[in-house]
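So you can see what is in the structure, the chains are spelled out below.
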Amino acid sequence: MTKNYIAGEWLPAAEASPNINPSNTNDIVGEYARASAIETERAIAAAFDAFPAWSRSTIQARHDTLKAVGDEILARKHELGHLLSREEGKTLPEGIGEVARAGQIFQFFAGECLRGAGEKLPSVRPSVEAEVTREPVGVIGLITPWNFPIAIPAWKIAPALAYGNTVVFKPAELVPGSAHALAEIIIRAGVPTGVFNLVMGRGAVVGEAMLSSSKVSAISFTGSVPTGRNIARTCITSGPMKKLQLEMGGKNPMVVLDDADLKLAVECAVNSAFFSTGQRCTASSRLIVTNGIHDRFVAAMQERMQGLVIDDALKAGTDVGPVVDQSQLDQDLKYISIGQAEGAKLVAGGKLLKCEAPGFYLAPALLTEVSNQMRVAREEIFGPVATVIRAKDYDEALELANDTLFGLSSGICTTSLKYASHFKRNAEAGMVMVNLPTAGVDYHVPFGGRKASSYGSREQGRYAQEFYTTVKTAYTFDGNGPYVHKANPKV
Ligand code: NAD
């Protein structure tokens, strides 16, 4: 059994769960410990005890630790990418790319350790000085989803440690392998006992224990909207209120205008909707296409989709790997049927495929004649299922793009500077892409959305400090001159 890391020790648990390769369900990646609530509480207590010393550790020590983690991840990106693709099902190049990104994130935040800054300001009162500084928050509970098994943990763990917090990390049940490998690297880099804890297991057990602990000061969560709403409720209604960062689902639009470069638009759409098997929060599942290009776009999509190779994630030449598990596959198939029952036309894919080994293979599906009010256009499916929604012109396309509960990523394909600029300003989303897929972002700039997609401050880049630090304002009377009590009577 592969163990949890709690209070400086690798510990087995009473229960374990198998990690199954979605490309070949006969291949068991390993048996991973499932922690209990009591084991989770031990991890939280260890992180709580380790916080005072780690929060006062030198920025050089933290820099060196994070740099060592980043360096090892990058040096082992092929091996770790193989593990990631084997347990999650994204293609090997995508898996290796994700691992490299995790390494770069650790290196970025190693640098951030050395760039901490504060402000010193004159006070409105005589002989008084104001200082604004940032301090670590405390024990941070990190809860992550299955679709980015190493990048999302990296973009939470790295800033948490960089800014002096201690961590209890709960990965998703479906992908404990990459989380475990990352934990081994972090520990090898020399984090002191209790500073980092890995607690694998169920959301309802490990996650809930983190939410209800008064020793946890903040929760950073990435996952679905219903789980996010639950987490917010628990964190705010019990004990001391926790700082919260929730990154959730999407129903991201990609607008294609009449003047778009058709070939580029099709590449952007296929990448947005189907790469990583459509299992990205930034995937586009609403392709909003104006009348003048609609039929040519649909025909070009059908042709391009015929050429996609759907196969074992680890096989060279695979474009799209399997869906992550049976329940996600059932959900994808259910939504394809719902769409057809609502009047949509399935014009490509949508059928189960048989490959060499038994796995969860689905041919990417394209639904046309979709209205923005249909369930397939409003609810997150989280699989390789895209809809095409017809718009009469740019104005209607923008209106449709914004008519959604979500607001993570929003894209447009156009050769018009006028429409591109207008769209960048008016898209109600945290991230806007022009002539690019809706998914695929840099690691040094903020990531996050609006409306039901995100709650709290942004992740990644320098903006991450907003969540992983708390601001303190200190006033000092320096004694040069008399203390004037009523200098600012309004305060
Ligand atoms: P999920 O909400 O089912 O689970 C996410 C995590 O929450 C898992 O670790 C799970 O164990 C845990 N959890 C479940 N119940 C819990 C509870 N009661 N208390 C505490 N923790 C609990 O999501 P998922 O299926 O793993 O991931 C897919 C979802 O993640 C999609 O909606 C996708 O859009 C979203 N996602 C968002 C982003 C983003 O940055 N916005 C990135 C990737 C994925």
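As a reminder, the structure under discussion sits directly above these lines.
Keep in mind the model is a prediction, meaning the values are calculated, not measured. (Residues numbered from 1 in each chain as written. Predicted model: local features only at pLDDT ≥ 70, side-chain atom pairs only at ≥ 80, totals over all residues. Heavy atoms only, no water.)

A. Quick look at the nonpolar core. Counting 59 residues, the largest nonpolar core has Ile73, Phe106, Phe109, Ile157, Leu161, Ile186 and Phe196 as its most contacted members. Top contributing element to this core by residue count: helix α5 (residues 151-162), with nine residues. Counting the residues that make up this core, at least three belong to each of domain 1 (4-248 + 453-475) and domain 2 (252-434). In this view, Ile186 contacts Val69, Phe106, Ile157, Leu161, Val191 and Phe196; residues no more than four positions away in its chain are not counted. If you look at the next biggest cluster of nonpolar residues, it comprises 27 residues, including Ile293, Leu308, Val320 and Leu366. (Core = buried A, V, L, I, M, F, W, Y, C linked by side-chain atoms within 4.5 Å. Buried < 20%, exposed > 50% of the residue type's maximum accessible area, 1.4 Å probe, protein only. Helix = DSSP H or I, 4+ residues; strand = E, 2+ residues; numbered from the N terminus. Domains from an automatic or database assignment. Contact = heavy atoms within 4.5 Å.)

B. Seen up close, the environment of Lys263. Here Lys263 is to be found in helix α9 (residues 262-274). A sequence separation of 57 residues divides Lys263 from Val320, and the C-alpha atoms of the two residues are 20 Å apart.

C. How the structure looks around empty space enclosed by the protein. Applying the stated criterion to the full structure yields three cavities of 30 Å³ or more. There is about 110 Å³ of room inside the largest cavity. Surrounding the largest cavity, 14 residues form its lining, Gly278, Ala283, Ser285, Phe382 and Gly383 being those nearest its centre. Counted by class, the lining of the largest cavity contains six nonpolar, five polar and three charged residues. (1 Å grid on protein atoms, 1.4 Å probe; cavity = no way out; pocket = protein on both sides within 12 Å on 5 of 7 lines; lining within 4 Å. Points joined across faces, edges and corners; volume = space filled by probe spheres on them. Nonpolar A, V, L, I, M, F, W, Y, C, P; charged D, E, K, R; others polar.)

D. Up close: the site of the ligand. In the region of the ligand, 28 residues are neighbours, and Thr144, Ser224, Thr227, Met248 and Glu380 sit closest. Within the backbone of Gly203, a nitrogen or oxygen atom sits 3.5 Å from a nitrogen atom of the ligand. Residue Glu247 places a side-chain N or O atom 3.4 Å away from a nitrogen atom belonging to the ligand. Protein coverage of the free-state accessible area of the ligand, which is 850 Å², stands at 88%. According to the grid-proximity analysis, the pocket containing the ligand is the largest pocket. Residue assignment for the shell around the ligand shows that the elements contributing at least two residues are α7 (203-211), β10 (216-222) and α8 (225-237). Considering each element in turn, the shell around the ligand owes the most residues, four residues, to α7. Class assignment for the residues of the shell around the ligand results in 14 nonpolar, nine polar and five charged. A domain-level breakdown of the shell around the ligand finds at least three residues from each of domain 1 (4-248 + 453-475) and domain 2 (252-434). (Near = heavy atom within 4 Å. Polar contact = N/O pair within 3.5 Å; in protein donor to acceptor, adjacent residues only side chain to side chain. Areas by Shrake-Rupley, 256 points an atom, 1.4 Å probe, with all protein chains shown as cover. Sits in = over half its atoms within 2 Å of the grid points.)

E. Here's a closer look at the sheet that holds strand β13 (residues 284-290). If you walk across this open sheet you meet the seven strands as β14-β15-β16-β13-β12-β18-β19, and the pairing is mixed. On the outer flanks of this sheet lie β14 (345-348) and β19 (431-434), each paired with one strand and no other. With strand direction ignored, the average angle separating the axes of adjacent strands in the sheet is 25°. Of the pairings in the sheet, the one linking β13 to strand β16 (residues 385-391) comprises five bridges and is parallel in character. Note that in β16 the partner of Val289 across the bridge is Arg390. (Pairing = 2+ DSSP bridges. Axes fitted to C-alpha atoms, helices over the stretch in contact; angles between N-to-C directions.)

F. Molecular detail of the packing of aromatic side chains. In the structure shown here, the tally under the stated rule is ten aromatic pairs. On the basis of an interplanar angle of 55° and a centroid distance of 4.9 Å, the ring pair of Tyr5 and Trp10 is categorised as tilted. The exposure class assigned to Trp10 is partly exposed, which follows from its relative accessible area of 31%. Seen from their ring centres, Phe108 and Phe109 are 5.0 Å apart, and the 85° between their planes marks the pair as edge-to-face. For Phe108, a relative accessible area of 16% gives the class buried. Members of the aromatic cluster, connected to one another through ring pairs, are Phe108, Phe109, Tyr163 and Tyr443. The ring of Phe148 carries the charged tip of Lys90 above its face, separated from the ring centre by 3.8 Å. Taking the ring centre of Tyr475 as reference, the NZ or CZ of Arg125 above it sits at 5.3 Å. (Phe/Tyr/Trp six-rings, centres within 6.5 Å; stacked < 30°, edge-to-face > 60°. Lys NZ or Arg CZ within 6 Å of the ring centre and 35° of its normal.)

Keep in mind these numbers describe shape, not what the thing actually does.
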